[in-house]
Amino acid sequence: MITYFFKALYLLWLPYITDAYIKETKDYSIYDEVIPFLDGEEATLYEHCKRALERSFSNFIPRGIPLMGDHDWNDGLSAVGNDLKGESFWVGEFLYMILKDFIPLAKRYSDFNFAKKSSDVMENLKYAVNEYGWDGEWYLQATTDDGLKVGSKENEEGKVFLNPQIWSVISGISNEDRSKKAMDSVSKYLLKEHGTLLLYPAYTKVRTDIGYITRYAPGLRENGGVYTHAATWSVWAYALMGDAELAYESYKRICPPNRSKDIDNYMAEPLLFCCDIKVLK
């Protein structure tokens, strides 16, 4: 079951990255390419993308938030949803953005029933994420199988996560006021000397309902370090907000030529864009 849900999330990258390719090339013919499945069945790339989305539609809880499963983008949240009750608000934002771009494609292929279905899912996602995921100043990351909040002002550790804030902006699921508050929280709690932290404050106590993220040393990798994959998304979010100064700052602080001026501290060649940066307390 865990393997199933791992795949159920990650298959969303297929329609996402294919749409990114189309935005760059306008080569819609790629959707007509026939590609085999593992079982030997064949279908067009459009059908592959559509099936990925349809599969994700079955992974919701009744109140309309996608299930976490064994984790979402953040692998370290490996125990949040093992019993298939924990939710991921980030997955909701990610799916919302994908559907927004896929609906015009479905109409282009005269797949009007799927376009309507996707539109309904989008509308429900927008309501559910904003109704249940807004924590007053930022968005929650998740809820556990026991219904406990992850990434909330109620938490002593891991009270604010980066991804649900920046993707609320990138996806367009939040309104202007909440987008500003969410990004203000990123600036206040997460934008540090070496880039934007993945969460704050780091976990210092092991939590079996969260996952292996809590077994990393504080400030290392997913546990409150600068994970540059997500840190680059913060550049995108600041830019979408029209905040050129903070977009530049969030990039400058992870940029190798800037970081490697102190080569003993950077500990890598100046040309390397490090995957993650340990934040020393």
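Relevant structure appears above.
Residues numbered from 1 in each chain as written. Predicted model: local features only at pLDDT ≥ 70, side-chain atom pairs only at ≥ 80, totals over all residues. Heavy atoms only, no water.

Engineer: Outline the overall build of the protein chain, supporting the account with residue identities and numerical values.
Structural biologist: A count of helices and strands for the protein chain gives 11 helices and 11 strands. Its C-alpha radius of gyration of 19 Å places the protein chain within 12% of the 19 Å reference for a compact globule of 281 residues. Projected onto its principal axes, the C-alpha coordinates of the protein chain cover approximately 55 × 45 × 40 Å. The buried share among the 281 residues of the protein chain stands at 52%. (Helix = DSSP H or I, 4+ residues; strand = E, 2+ residues; numbered from the N terminus. Rg over C-alpha atoms; globule rule 2.2 N^0.38 Å. Buried < 20%, exposed > 50% of the residue type's maximum accessible area, 1.4 Å probe, protein only.)

Engineer: With reference to specific residues and values, describe unusual backbone geometry.
Structural biologist: The omega torsion of the bond from Tyr200 to Pro201 falls at -15 degrees, within 30 degrees of zero and hence cis. Unusually for a residue other than glycine, Ser110 sits at a positive phi of about 55 degrees. Here the phi dihedral of Arg221 falls at roughly 50 degrees; this positive angle occurs in a residue that is not glycine. Looking at the element boundaries, Arg221 is found in the loop between β9 (199-200) and β10 (226-227). The class of Arg221 is partly exposed, set by a relative accessible area of 26%.

Engineer: Provide a residue-level description of the pattern of salt bridges, including the pertinent values.
Structural biologist: Charged atoms that come close allow side chains of opposite charge to pair. Tallied over the entire structure, the rule returns 16 salt bridges. Between Glu87 and Arg63 there is a salt bridge, with the nearest N and O atoms lying 2.7 Å from each other. Of this pair, Glu87 sits in strand β3 (residues 87-88) while Arg63 sits in the loop between α3 (45-57) and β3; the two residues are 24 residues apart in sequence, bridging distant segments of the chain. By relative accessible area, which is 2% here, Glu87 ends up buried. (Salt bridge = Lys/Arg side-chain N within 4 Å of Asp/Glu carboxyl O.)

Engineer: Please provide a residue-by-residue account of the nonpolar core, values included.
Structural biologist: Ranked by size, the top nonpolar core spans 61 residues in total, and within it Leu53, Leu99 and Trp167 carry the most contacts. At 13 residues, the largest contribution of residues to this core is made by helix α4 (residues 89-108). (Core = buried A, V, L, I, M, F, W, Y, C linked by side-chain atoms within 4.5 Å.)

Engineer: Requested: an account of the environment of Trp236, with residues and values cited.
Structural biologist: For Trp236, the location among the structural elements is in helix α8 (residues 228-240). As a C-alpha pair, Trp236 and Tyr251 span 15 residues in sequence and 9.4 Å in three-dimensional space. Ignoring any residue separated from it by four or fewer positions in sequence, one finds Trp236 in contact with Tyr16, Met97, Trp167 and Ile170. (Contact = heavy atoms within 4.5 Å.)

Engineer: Provide a residue-level description of the sheet that holds strand β5 (residues 149-150), including the pertinent values.
Structural biologist: Spatial ordering of the open sheet is given by β3-β4-β5, a layout of 3 strands whose pairing is antiparallel. Strands at the two margins of the open sheet, each flanked by one partner only, are β3 and β5. Relative to β5, strand β4 (residues 142-143) runs antiparallel, the two sharing 2 bridges. Residue pairing for β5: Ala142 is matched across the bridge by Val150. (Pairing = 2+ DSSP bridges.)

Engineer: I'd like to hear about the packing of α8 against helix α9 (residues 244-252), residue by residue, with values.
Structural biologist: Direction vectors running N to C along α8 and α9 enclose 170 degrees, while the axes themselves pass 8 Å from each other. Classified by the angle between their axes, α8 and α9 sit roughly antiparallel to one another. Across from Ser234, Val235, Tyr238 and Ala239 in α8, the residues of α9 making contact are Leu246, Ala247, Ser250 and Tyr251. When its residues are assigned to classes, the contact of α8 with α9 shows 6 nonpolar, 2 polar and no charged. (Axes fitted to C-alpha atoms, helices over the stretch in contact; angles between N-to-C directions. Parallel < 35°, antiparallel > 145°, perpendicular 65-115°, else oblique. Nonpolar A, V, L, I, M, F, W, Y, C, P; charged D, E, K, R; others polar.)

Engineer: Lay out the packing of α4 against helix α6 (residues 163-171) in plain terms, naming residues and giving numbers.
Structural biologist: The N-to-C vectors of α4 and α6 enclose an angle of 15 degrees; their axes lie 9 Å apart at closest approach. When the axes of α4 and α6 are compared, the pair comes out roughly parallel. Judged by the twist between their axes, the crossing of α4 over α6 is left-handed. Contact residues: Trp90, Glu93, Phe94, Tyr96, Met97 and Lys100 in α4; Asn163, Pro164, Trp167, Ser168, Ile170 and Ser171 in α6. Across the contact of α4 with α6, the residue classes tally to 7 nonpolar, 3 polar and 2 charged. (Left-handed = near helix turned anticlockwise from the far one by under 90°.)

Engineer: Before we move on, could you go through a nonpolar patch on the surface and cite the residues and values that matter?
Structural biologist: Where nonpolar side chains cluster on the molecular surface, the patch consists of Tyr248, Tyr251 and Phe273 and spans about 330 Å² of accessible area. Of note, Tyr248 is situated in helix α9. (Patch = residues over 30% accessible without salt bridge, like charges linked within 9 Å, V, L, I, M, F, W, Y side chains within 5 Å. Areas by Shrake-Rupley, 256 points an atom, 1.4 Å probe, with all protein chains shown as cover.)

Engineer: Please set out the packing of aromatic side chains residue by residue, giving values where relevant.
Structural biologist: Counted according to the given criterion, the structure contains 22 aromatic pairs. Here the aromatic rings of Tyr46 and Phe102 are separated by 5.4 Å at their centres, their planes lie at 15 degrees, and the arrangement is stacked. Of the two residues, Tyr46 is situated in helix α3 and Phe102 in helix α4; the sequence distance between them amounts to 56 residues. Since its relative accessible area comes to 6%, Tyr46 is described here as buried. Ring centres of Trp134 and Tyr139 lie 4.8 Å apart, and the angle between their planes is 70 degrees; on these two criteria the pair is classed as edge-to-face. (Phe/Tyr/Trp six-rings, centres within 6.5 Å; stacked < 30°, edge-to-face > 60°.)

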